[in-house]
Amino acid sequence: MDKQNFQGGLCEITMNKINDLVSIIVPVYNTASYLSECIDSLLAQDYEKIEVICVDDGSSDNSVQILYYYQNQDSRVKVFQCKHSGQSAARNMALSYAKGKYVCFVDSDDYIIPNAITQCIETIYKRKVDIVLFNLEAFTQDGSHWPCLCGNYYWGKKPIVDCMSDERCINFTNAVSCFVRKSIIDNNCIKFPEGMIYEDWVFMMQLCLSGNYKVFKMNSPLYWYRRGVANSTTTIVNEKCLDIFKAYEKAEEVINNAGVGARWNLINDTKIVEEGLALLKNRVILYGKEDIKNRYITCFCQILKKFDASYLNQVVVNMQKRDKSIIWLLYNDKNVKSYKSVFSMRNRVVRTNIIYSLLKKIKTYMLKVYRCISPTYRAICTVRDELRELNVYFYKR
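Note that the coordinates shown come from a computational prediction; the quantities given were computed from them, not determined experimentally.

So, how was this worked out
Residues numbered from 1 in each chain as written. Predicted model: local features only at pLDDT ≥ 70, side-chain atom pairs only at ≥ 80, totals over all residues. Heavy atoms only, no water. Helix = DSSP H or I, 4+ residues; strand = E, 2+ residues; numbered from the N terminus. Expected span 1.5 Å × (residues − 1). Buried < 20%, exposed > 50% of the residue type's maximum accessible area, 1.4 Å probe, protein only. Contact = heavy atoms within 4.5 Å. Bend = angle between axes of the 7 residues up to and from the residue. Salt bridge = Lys/Arg side-chain N within 4 Å of Asp/Glu carboxyl O. Disulfide = S-S within 2.5 Å. Patch = residues over 30% accessible without salt bridge, like charges linked within 9 Å, V, L, I, M, F, W, Y side chains within 5 Å. Areas by Shrake-Rupley, 256 points an atom, 1.4 Å probe, with all protein chains shown as cover.

Q: What am I meant to see in helix H4 (residues 116–127) here?
A: It helps to recall that an α-helix has 3.6 residues per turn; residues three or four apart then point in one direction. In a regular helix each residue adds 1.5 Å, so 12 residues correspond to 16 Å; H4 covers 16 Å between its end C-alpha atoms and thus fits that length. The buried fraction of H4 amounts to 9 of the 12 residues, a majority that puts the element mostly inside the structure. Of all the positions in H4, only Ala116, Ile117, Thr118, Gln119, Cys120, Ile121, Glu122, Thr123 and Ile124 are classed as buried. Considering only its buried residues, H4 is in contact with strand S1 (22–28), strand S4 (102–105), strand S5 (111–112), strand S6 (131–139), strand S9 (178–181) and strand S10 (214–226).

Q: So what exactly am I meant to see when it comes to helix H8 (residues 262–287) here?
A: In a regular helix each residue adds 1.5 Å, so 26 residues correspond to 38 Å; H8 covers 36 Å between its end C-alpha atoms and thus fits that length. Of all the bends in H8, the largest measures some 45° and sits at leucine 280.

Q: Is there a simple way to think about the pattern of salt bridges in this case?
A: Side chains bearing opposite charge may pair, as long as their charged atoms lie close to each other. Using the criterion set out here, one finds 19 salt bridges in the structure. Linking lysine 271 and glutamate 275 is a salt bridge whose minimum nitrogen-to-oxygen distance equals 2.6 Å. Residue lysine 271 and its partner glutamate 275 are located together in helix H8, separated by 4 residues, close to a single helical turn. Taking relative accessible area as the criterion, lysine 271 reaches 13% and is therefore assigned buried. With relative accessibility at 35%, the residue glutamate 275 sits in the partly exposed group. Salt bridges sharing common partners tie together Arg91, Asp107, Glu199 and Asp200.

Q: What's the story with the state of the cysteines in this structure? I'm lost.
A: Working definition of a disulfide: a covalent bond connecting the sulfur atoms of two cysteines. This structure, assessed with the given rule, holds 0 disulfides. Take cysteine 301: it sits in no disulfide, and the sulfur closest to it among the cysteines is that of cysteine 299, at 9.6 Å.

Q: Help me understand a nonpolar patch on the surface in this model?
A: Among the surface-exposed residues, Ile355, Leu358, Leu359, Ile362, Tyr365, Met366 and Val369 lie close enough to one another that they form a single nonpolar patch of about 700 Å² accessible area. Here tyrosine 365 lies in helix H12 (residues 339–373).

Below is the structure:
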């Protein structure tokens, strides 16, 4: 599907009656290679009443020069600079300067489709909601792309829900997938936690549990999310990867303070187990230093072992069999002290699955051989084929 042609179904409101300012917040750090594509997509929006607030977080490439070029070309672009303090600080600074009635977030190596803002603001007015949550389309440089948010985890049957009555809202833990009234952020003093990554998880949890706001969940990919970028926060493996556990604990605190109940905790716990294991397998073990691996596994095991076995079984119910096996090995093994033991656990599970898969293939092959040499089976196949031909004959008549 052409990535420029997602429409998602426009509302029927006449847009010339809507004149609200929308603030688009773009934190920038060393993304000169992709920055023009990002800014171009914002300035090309068919809803023109926008301000693009770009905060450069101490870039060492020519990102700043690109930003000032756009500021000189279009008065809707506003550029600010700060000492390198992380994406959270840049976003918080941008929020302090934002004057729009509505706000959304775009990372500087991503972009949005031409009518993304139109779809969101029309939805706000037509559906009478406070927040729009939408899908993301991940893509890579080789042209591959796929929707990020799939299944009942996110969408459910009702598109319009109340924040504090539908726990699926807290599955949206990426700030770039939301379009929100800025007054909700201001009135509840919601900020991105600074000095850490995975800050979106905490921000979105605060946003969804700050009041019983109306939410419209739009299963249309308005946002194109670049994957596989070198030196991005999702590819670097250092002690910052431990921030995933800080984010989980802060999100858990928000849930407990909101008093919303066990269903919200189950979603939060499921997220840390699934994403924690994915990060461990795909990034930490493969690319992390030994100290980081050991610290990560220690933190992960501490979280797993705070659950009782019956509750953990609910948490892992939708995981793949191999991943479930690794989680239970981590949970039950009293001697997990280093990443080497996890390597051995993972290898044991992989070997078991390989053997099982091989035996299954052998069984299927032997069954095929039997069917080929069995006179009874050949006779059955002959009769079946004749019946099929007869059905086709009568159908054509």
